[in-house]
Amino acid sequence: MVGYRLDTVFHALADPTRRAMLARLAGGEKPVAELIRGFPMSDAGAAKHLAVLESAGLVGGRREGRRRLCALDTDPLGEAALWLRRWQLPESPRIARLRGMLDAAERLA
């Protein structure tokens, strides 16, 4: 079961739109309309992205009246990070530079 969950988490993280949605949710719970605002896609396309995130366990939702609210669940990310750490080699200077660039890009998202 852990392998399947990892597969769905990595699949969800493979798409830049879904990563951007997760970044928005890192700031707290958001209504779907606010979460998808500004993405160049239809509501159906956004719903498909949210379904992938929910399937991976990265996003949960609840209803508040007519609004659907989404929240980030970081547990699956922690599981993926633990799995990745098993294969982590000592960091080379090149990887350290890449990590710095990725961290800077995440702060901008």
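Scoring rules and cut-offs
Residues numbered from 1 in each chain as written. Predicted model: local features only at pLDDT ≥ 70, side-chain atom pairs only at ≥ 80, totals over all residues. Heavy atoms only, no water. Helix = DSSP H or I, 4+ residues; strand = E, 2+ residues; numbered from the N terminus. Buried < 20%, exposed > 50% of the residue type's maximum accessible area, 1.4 Å probe, protein only. Contact = heavy atoms within 4.5 Å. Areas by Shrake-Rupley, 256 points an atom, 1.4 Å probe, with all protein chains shown as cover. Axes fitted to C-alpha atoms, helices over the stretch in contact; angles between N-to-C directions. Parallel < 35°, antiparallel > 145°, perpendicular 65-115°, else oblique. Nonpolar A, V, L, I, M, F, W, Y, C, P; charged D, E, K, R; others polar. Core = buried A, V, L, I, M, F, W, Y, C linked by side-chain atoms within 4.5 Å.

1. Some remarks on the overall build of the protein
Point 1. Secondary structure summary: the protein contains six helices and three strands in total.
Point 2. Traced from its N-terminal end to its C-terminal end, the protein shows the element sequence α-α-β-α-α-β-β-α-α.
Point 3. When its C-alpha atoms are laid out on the principal axes, the protein stretches across 50 × 35 × 20 Å.
Point 4. Within the protein, the proportion of its 109 residues that are buried is 25%.
Point 5. Here the analysis covers contacts within the protein between residues at least 6 apart in sequence; of these, 55% occur between residues at least 24 apart.
Point 6. Of the roughly 7,600 Å² of accessible surface on the protein, a fraction of 58% belongs to carbon and sulfur atoms.

2. Focus on the packing of helix 2 (residues 16–25) against helix 4 (residues 43–55)
Point 1. Remark: helix 2 packs on helix 4, axes separated minimally by 10 Å, with the N-to-C direction vectors making an angle of 75°. Taken together, the axes of helix 2 and helix 4 are roughly perpendicular relative to one another. Between helix 2, through Thr17, Arg18, Met21 and Leu22, and helix 4, the contact on the second element is made entirely by Ala46, His49, Leu50, Val52 and Leu53.
Point 2. Residues of the contact of helix 2 with helix 4, tallied by class, amount to six nonpolar, two polar and one charged.

3. Regarding the nonpolar core
Point 1. By size, the foremost hydrophobic cluster in this structure holds 18 residues, and its most contacted members are Met21, Leu35, Leu50, Leu53, Leu58, Val59 and Cys70.
Point 2. Of all the secondary-structure elements, those providing two or more residues to this core are helix 1 (2–13), helix 2, helix 3 (32–36) and helix 4.
Point 3. Met21 has contacts with Leu35, Ile36, Phe39, Met41, Ala46, His49, Leu50 and Leu53, leaving out every residue within four places of it along the chain.

Just geometry here; none of it tells us what the structure is for.
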